[in-house]
Structures are given as C-alpha cells and as structure tokens.
Amino acid sequence: MESNALILTVTASSIVALLFLIVKLKFQPFLALILVSLGAGLAIGMAPQDLLDFVVKSMGGTLGFVALIIGLGSMFGEMLRVSGGSERLALTLIHKCGDRSVPWALGLVGFLVSIAVFIDVAIVILVPLIYGIARRTGKSLLYYGIPLCAGLSVTHTFLPPTPGPIATASILGADLGWVIIWGVIAGLPAMAVGGPLFGKFISNRIFVPVPEYMVQGESKFDDPSKLPAFRGVVLTLLLPLVLILGNTSAEMLLAEGNLLRDVLMFIGNPIIALLLTTLLTFWVFGHNRGFTADQLQKIATKALEPAGIIILITGAGGVFGKVLVESGVGKILADAMQDMNMPLVLFGFATAAIMRISQGSGTVAMITGASLTAPVAQLLGASPQMLALCTIAIACGGAAFSHVNDSGFWMANRYFGMSVSDTLKSWTVMKTLVGLTGLAICLVISLFIQ
C-alpha cells in the first residue's frame, strides 16, 4: 500500500509540476516534459545513470517512427499550401454549392485541408476566403466560419498524418489504419454537430461582420484559374489515407506470403505512404507548376521548422509516458478503473481534457493523456481496435474546451474580429461540441469491441 501511495503521489506531483512549469513559469513544453520525466524517474528510485540511459533510449524509440511521419507530412502540407491547393479546394466546393449548402461544403473543406495543413496555417489561408461570401449574403461570419473551423479541428486532432494523433497512436502502440477508420466514423458526426448545425444556431444569436482590418488579406492568388486542379488536390489529400488503409486491410484479409499482401503492406506503411505522397506532391504541384529545384528545397526546409518543435515535444512526451510505465502506475489506475467500472476510452478522454483545460495545448494534452492511458491499456490487454479507439477518445479530450490559454482561441478571435465573450460563446462551444460528440461515438463503438 505504501508503494502504491508513493507511485500515485509521484504521478500526481509530476502532472502538477508539468502544469506549473508550462502555465506559470512559461517553460517550453519540451523542456518541461524532460525535467518532469527526470524528476519522476528519480522519485521512483531509478539510479541516475540508469535514468539517463532510459531517457535516451525512450526518446529514440518514440521518435524513430514519429519524426519521419511528421517531417514528411509537414513537407507534403507545405507544398500543397504554397501551390494554392488549399484555396482551390475551398473555392471549388463553395462555387459548386448553393447558399444553403455552403456551410456543409466548408466543413468538408476544413476536414480535407487539415489532413495536410496545420490548423493555424489553414485558418490563415481559408478564413479570409469566406469574407466575400459573408458580405454578399449579409449573414453573420459565424454561419460560415464555424463549420470551416469545425472541419479543421476534427481532422487536425483525429486523423493522421497530423502530429497529435500520430504522437498519441505511437505512445499507445495503435495501428494507424484503425485510427483513420475510427477517426472518420467519429469525426464526421463531430464536424456536423460542431460545424453546420451549431454554426446555424450561434449565427442567429451573434452577428459577426467581416472585420475591416482583415479585408486586405482575402487571397494572395489574384487569378483563381492559376490554382491547381480540384481533382488533383482531392486525390493527393486522400492518397496517404487510402494507402494506410490498404496496409491494414491486407494484414487482416490476405494470407501471409501472398505477394499482393506484401506489396500493399509495404506501400501502405505510413512512412512509405507519406514518402510517396510527398514526392508526388512536389512533382505535381511543384515541378510541373514551374517551381525551381532551389525553390522546392526552400519549401521543404521551411516545412521542417515547425515540425522540429512538434517532434521534440512528442519525443519528450514519450519519455514521460515510459517513465510512468516504469513506475507501475498502470496497474494501480487499471484496478481503480475496474472498481469504478470506468471505460478505458472515457479515462483517456478525461485525462486529456483535464490537461487541455489546464494548459491549453491540444498536442501536450493528447501526449499526456496517452502517457497515462498506455500502461492501463497494456495491462487490460486492449485489442488493436480498442487502442485506436482510445487514440480518438484522447483526441476528443485534446480538441474540447479550448479557451483563453489556447493559441487557437486567439487566432479565431482575431480572424473573426470578435470580443472575448463572443469567442467563448462560439469558438469554445464549437470545440467542446466536437470533442463531446466524438467521445459519444467512441463510447458507443467501445460497446462492441474489447
């Protein structure tokens, strides 16, 4: 009992220390996670030299897969952004839809674009595109903006190759094919509820005009005819998802030794799928559109700048998780969950949501939630399908409850030109609806799998 009390005390103290360093002292999350991991390791009795070796080994083990995926995905997304592919997708769907269908089209735009483009960059690119529609129709900007942002939020937190689900799946050991399947099944209803449905509701209660200080940035492409082809953009965005799903399907349906199985599993490995997609994107949207080799090199290099920070945070989060596994806290939490009859997916959601509310960063919340959930899932013998479902539940916790300590909150505040109060009533509620709707779908699915 004393040992259990010590482990729980160390775990709770580690989380409090992490929040203190990030929220109060404004430490960079990577540095905070490393410091807390070292402190937790020493507190549970690991020898200092053994602890350092453990940290190095854990960091390398986490990043071997994640660094490649995030790096390739970042280059793929940056090339799509620079070429105007994201704008082509938005403009085409908006043009093809009637006024009543535009919010649903914008939700789909967000859902597709955020597969490749980071959410903050996507907001900068896409929100100005809806200013003209809002002025033409006279409707509140929220009628169009909330669906768009809901679609962006869902894919950014639910679907690979974005960093959050990649990091979470890596820590949990979840199969990315199943993560994509559950992410789409939970994500589309979450986008619908948090996007077009809530957007219509809130736009009737809060009228938000187009902010005058943002009008000058409506689009950097003066001639839409020069944008990439719509079909090519859609196919490129879907290619890595289809390849990864092919990997999962081949492993399940085809016998070992089958040549087709080997081929599908190779090209559907997430690393190869992203590598092929990235090379195709640079050829089709770069080389074929007149970009020089030097320009393409600069685009790829620029893409890796934000990726580097995310990769380091992910690695440090993996170290923290492995230290917690080493402490034995998993068994204690698993026993407690069984006593309370708490579903594993609800536990994952709750831990991520608490961190989300406390420190703001969705990525840090997801990594911490996964670090606490992984040892519990391992002891409970969770199936590959359940591990993937837990990834989505944790993503739901990392998506919900965005408020004033989240950078996304302030981006919405600026690009929609709202007061803090109206941003809480619109953006925060939208993000929370996305998270809670996704959780509800996860809980239903969990009734049918183990």
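About the criteria used
Residues numbered from 1 in each chain as written. Predicted model: local features only at pLDDT ≥ 70, side-chain atom pairs only at ≥ 80, totals over all residues. Heavy atoms only, no water. Core = buried A, V, L, I, M, F, W, Y, C linked by side-chain atoms within 4.5 Å. Buried < 20%, exposed > 50% of the residue type's maximum accessible area, 1.4 Å probe, protein only. Helix = DSSP H or I, 4+ residues; strand = E, 2+ residues; numbered from the N terminus. Contact = heavy atoms within 4.5 Å. Phe/Tyr/Trp six-rings, centres within 6.5 Å; stacked < 30°, edge-to-face > 60°. Lys NZ or Arg CZ within 6 Å of the ring centre and 35° of its normal. Axes fitted to C-alpha atoms, helices over the stretch in contact; angles between N-to-C directions. Parallel < 35°, antiparallel > 145°, perpendicular 65-115°, else oblique. Left-handed = near helix turned anticlockwise from the far one by under 90°. Nonpolar A, V, L, I, M, F, W, Y, C, P; charged D, E, K, R; others polar. Polar contact = N/O pair within 3.5 Å; in protein donor to acceptor, adjacent residues only side chain to side chain. Expected span 1.5 Å × (residues − 1).

- The chain appears in an unreviewed UniProt entry as Gluconate transporter from Stutzerimonas nosocomialis.

## Section: the nonpolar core
Part 1: Counting 151 residues, the largest nonpolar core has Leu126, Phe158, Leu237 and Phe416 as the members making the most contacts within it.
Part 2: Top contributing element to this core by residue count: helix H3 (residues 48-83), with 14 residues.
Part 3: Once residues within four sequence positions are removed from consideration, Leu126 is found in contact with Ser86, Ala90, Val109, Val113, Leu148 and Leu152.

## Examining the packing of aromatic side chains
By convention here, two paired aromatic rings are described through the distance between centres and the angle between planes.
Part 1: Considering all chains together, one arrives at five aromatic pairs under this definition.
Part 2: Measuring from centroid to centroid gives 5.0 Å for Phe409 and Trp410, while their planes differ by 80°, and the two rings are edge-to-face.
Part 3: The exposure class of Phe409 is buried, given its relative accessible area of 0%.
Part 4: Judged by relative accessible area, which is 39%, Trp410 ranks as partly exposed.
Part 5: When the ring centre of Tyr143 is taken as reference, the NZ or CZ atom of Lys139 above it lies at 4.7 Å.
Part 6: Over the ring of Tyr415 we find Arg414, and its NZ or CZ is 5.1 Å from the ring centre.

## Some words on the packing of helix H16 (residues 344-359) against helix H17 (residues 362-380)
Part 1: One can describe the packing of H16 onto H17 by two numbers: an axis separation of 8 Å at closest approach and a directional angle of 155°. Accordingly, the angle class assigned to the pair H16 and H17 is roughly antiparallel. In the crossing of H16 with H17, the sense of the turn from one axis to the other is right-handed. The segment H16 lies against H17, with Leu344, Phe347, Gly348, Thr351, Ala352, Met355, Arg356 and Gln359 engaging Gly362, Val364, Ala365, Thr368, Gly369, Leu372, Thr373, Val376, Ala377 and Leu380.
Part 2: Here the contact of H16 with H17 is composed, by residue class, of 10 nonpolar, seven polar and one charged.

## Brief notes about the side chain of Ser74
Part 1: Examined against the element boundaries, Ser74 turns out to sit in helix H3.
Part 2: There is a polar contact of 2.7 Å between the side chain of Ser74 and the backbone oxygen of Ile70.
Part 3: Beyond its immediate sequence surroundings of up to four residues, Ser74 is in contact with Phe118, Ala303 and Ala307.

## Regarding the environment of Leu129
Part 1: For Leu129, the position within the fold is in the loop between helix H6 (119-126) and helix H7 (131-137).
Part 2: As a C-alpha pair, Leu129 and Leu91 span 38 residues in sequence and 7.8 Å in three-dimensional space.

## Let's talk about helix H2 (residues 29-43)
Part 1: In this model, H2 (15 residues) spans 21 Å end to end at C-alpha, consistent with the 21 Å of a helix rising 1.5 Å per residue.
Part 2: For H2, every residue scored as buried is listed here: Pro29, Ala32, Leu33, Ile34, Val36, Ser37, Ala40 and Gly41.
Part 3: Of the residues trailing H2, Gly45 is marked for its positive phi of about 100°.

## A word on the packing of helix H10 (residues 176-203) against helix H11 (residues 230-253)
Part 1: The contact between H10 and H11 brings their axes to 8 Å, and the two run at 115°. Relative to H11, the element H10 is oriented roughly perpendicular. Crossing handedness for the pair H10 and H11: left-handed. Contacts between H10 and H11 involve Leu176, Gly177, Trp178, Ile180 and Ile181 on the former and, on the latter, Leu241, Ile244, Leu245, Thr248 and Met252.
Part 2: For the contact of H10 with H11, the class distribution of residues is eight nonpolar, two polar and no charged.

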